[in-house]
Amino acid sequence: MKSNFEKEEPERYIRQSTFYAIGKAGQRKLTTSRVMILGCGGLGAASATILARAGIGHLKLVDRDFLELNNLQRQILYEEHDVKEGLPKVIAAQRQIERINSRVHVEPFVADVNRFNIEAFIEDVDLVIDAADNFETRFLLNDACVKHNRAWIYGAAIESYGLSMNIIPGKTACLRCVMDSIPQPGSVPTCETVGVLASIVCIIASIQCAEAMKILLDNKEAINRSLIHIDIWNNSFQSIDIAKESIQKNCPVCNQHWFEFLEGKQGSTFTNLCGRNAVQILPFKEAPLDLAKLAINLSELGIVRVNEFLIRFEIEGYELIIFPDSRAIVKGTTDAGIARSLYSKYVGN
Ligand SMILES: [Zn+2]
């Protein structure tokens, strides 16, 4: 059985190995490569299907969420029956990849990525595809990848626009080089509040996967060294130059090896509120929030009551109480991961 499969392998990938930059040796390299996809929402689902079809040997999928009907519009790996079964995204993804390419080894983790587990997650992979939905996780990933010299590929998509950038430690600028700190809570729109088109999700994931293959094959000439910004509704395609020279002399991560997110000196903190089935989220830096504006956005999505002191927002069977200093209490759970996920979905990073 195995020898038959091996005979079929060259045939399966022939359109890819015929491409001059890959070849048979490149294809063999891809089949022994290990890639982690952090997040299995829109970007992660698209990357998983492309990389599985491309024959990446090992895919580590990490995501903490379960499937919902509104995911199917853009999360191209999933189907209605996955939603009906209420499957975690990584389990549905594993089953689907098994049907697409049974030779790919998928390692699914239903987990919240945090500073205590991220180093173990990236330890045995060649690179990480960022498909996270919040900047705090990306800053944490940046810390861990620079510390352990792993390439990662930033990706984000919202409304009709998206961004991507390669971060190769020591060779390109890192996320902290180009972005000094996490955007203030409430200042960045989320897919829940402004929506997102499947087209831009698939474009950004496609760019990430092409860059992943270049990096895995060490095709230095071809690796993109720009920040890519694409808006498919407003017809804008930009490539913003971020060469090695742009590595900031004072970057705390690249140059000072000061990993504040990994060490818990930056980022939000969580407190279980004893006996109350609730978690309090304290952003690391207090950042004033425009309650009235946030209340208007949230009122499209769930039940909102607002006064000058707080917003009470009911969604997905939970209640978020959001304060003007960007602190929040998430009622209905004692799980910090669920609380953070709700916070980043509805309040922002
Ligand atoms: Zn840096």
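A. Spotlight on the overall build of the protein chain. Along the protein chain, the regular secondary structure elements total 13 helices and 14 strands. For 349 residues, the compact-globule estimate of 2.2 N^0.38 gives 20 Å, and the protein chain sits close to it at 21 Å. Judged by the C-alpha coordinates and their principal axes, the protein chain covers about 65 × 50 × 40 Å. Here the protein chain holds 349 residues, and 53% of them are scored as buried. Sequence-distant contacts, at least 24 apart, represent 64% of the contacts inside the protein chain between residues at least 6 apart. Carbon and sulfur atoms make up 52% of the accessible area of the protein chain, which totals about 16300 Å². Taking the average place of the 38 positive charges on the side chains of the protein chain and the average place of its 42 negative ones, the gap between the two points comes to 5 Å.

B. A look at the coordination of the zinc ion. Protein ligation of the zinc ion involves Cys174 (SG), Cys177 (SG), Cys251 (SG) and Cys254 (SG), the donor distances falling in the range 2.2 to 2.3 Å. Geometry at the zinc ion is tetrahedral, judged from its 4 donor atoms and the angles of 99 to 119° they form at the metal. In terms of primary sequence, the donors binding the zinc ion are separated according to C-x2-C-x73-C-x2-C. We note that Cys174, like Cys177, is buried.

C. Focus on the domain arrangement of the protein chain. We note that the domain assignment places domain 1 (32-246) and domain 2 (269-346) within the protein chain. For domain 1 versus domain 2, the separation of C-alpha centres amounts to 26 Å. Taken together, the two surfaces of domain 1 and domain 2 that pack against each other cover about 1400 Å², and 49% of this comes from carbon and sulfur. Taken together, domain 1 and domain 2 are joined by 4 salt bridges. The partner of Arg340 in a salt bridge is Asp112, and the shortest N-O contact between them spans 3.0 Å. The interface formed by domain 1 and domain 2 contains 3 residue pairs in polar contact (both at pLDDT 80 or more). Considered class by class, the residues forming the side of domain 1 that touches domain 2 number 2 nonpolar, 7 polar and 7 charged.

D. Fine view of the nonpolar core. Ranked by internal contacts, the top residues of the largest apolar core, which has 48 residues, are Val35, Leu59, Leu61, Ile97 and Leu127. Mapped by element, the contributors of at least two residues to this core are strand S1 (34-38), helix H4 (42-54), strand S2 (58-63), helix H6 (89-100), strand S4 (127-130), strand S5 (151-158), helix H11 (198-216) and strand S7 (226-231). Here Ile97 is in contact with Ala48, Ala52, Leu59, Leu61, Leu77, Ser102, Val104 and Val106, once residues within four sequence places are set aside. Core analysis: the next-biggest nonpolar cluster, separate from the first, contains 38 residues, Phe139, Leu227, Phe259 and Phe261 among them.

E. Representation of the environment of Cys174. Among the secondary structure elements, Cys174 is positioned in the loop between strand S6 (161-167) and helix H9 (175-178). A residue is classified by how much of its surface remains accessible, and Cys174, at 1% relative accessible area, is buried. Once the C-alpha coordinates of Cys174 and Asn142 are considered, the two residues, 32 residues apart in sequence, prove to be 7.0 Å apart.

F. Expanded view of the sheet that holds S5. Pairing within the open sheet is mixed, and its 8 strands lie in the order S3-S2-S1-S4-S5-S6-S7-S8. Both edges of this open sheet fall to strand S3 (105-110) and strand S8 (236-241), since each of them pairs with a single strand only. The sheet shows a mean angle of 15° between the axes of neighbouring strands, direction not considered. With respect to the sheet, helix H8 (residues 135-147) is in contact with S1, S4, S5 and S6, its orientation differing from that of S5 by roughly 170°. Contacts between H11 and the sheet are confined to S1, S4, S5, S6 and S7, with S5 contributing the most and set at about 170° to the helix.

What counts and how
- Residues numbered from 1 in each chain as written.
- Predicted model: local features only at pLDDT ≥ 70, side-chain atom pairs only at ≥ 80, totals over all residues.
- Heavy atoms only, no water.
- Helix = DSSP H or I, 4+ residues; strand = E, 2+ residues; numbered from the N terminus.
- Rg over C-alpha atoms; globule rule 2.2 N^0.38 Å.
- Buried < 20%, exposed > 50% of the residue type's maximum accessible area, 1.4 Å probe, protein only.
- Contact = heavy atoms within 4.5 Å.
- Areas by Shrake-Rupley, 256 points an atom, 1.4 Å probe, with all protein chains shown as cover.
- Lys, Arg positive; Asp, Glu negative; His and termini not counted.
- Charge placed at Lys NZ, Arg CZ, Asp CG, Glu CD.
- Donors = N, O, S within 2.8 Å, 3.2 Å for Na, K, Ca; no water.
- Tetrahedral: all angles 85-135°; square planar, octahedral: opposite > 155°, others 65-115°.
- Domains from an automatic or database assignment.
- Buried area = accessible area lost by both parts, 1.4 Å probe.
- Salt bridge = Lys/Arg side-chain N within 4 Å of Asp/Glu carboxyl O.
- Polar contact = N/O pair within 3.5 Å; in protein donor to acceptor, adjacent residues only side chain to side chain.
- Nonpolar A, V, L, I, M, F, W, Y, C, P; charged D, E, K, R; others polar.
- Core = buried A, V, L, I, M, F, W, Y, C linked by side-chain atoms within 4.5 Å.
- Pairing = 2+ DSSP bridges.
- Axes fitted to C-alpha atoms, helices over the stretch in contact; angles between N-to-C directions.

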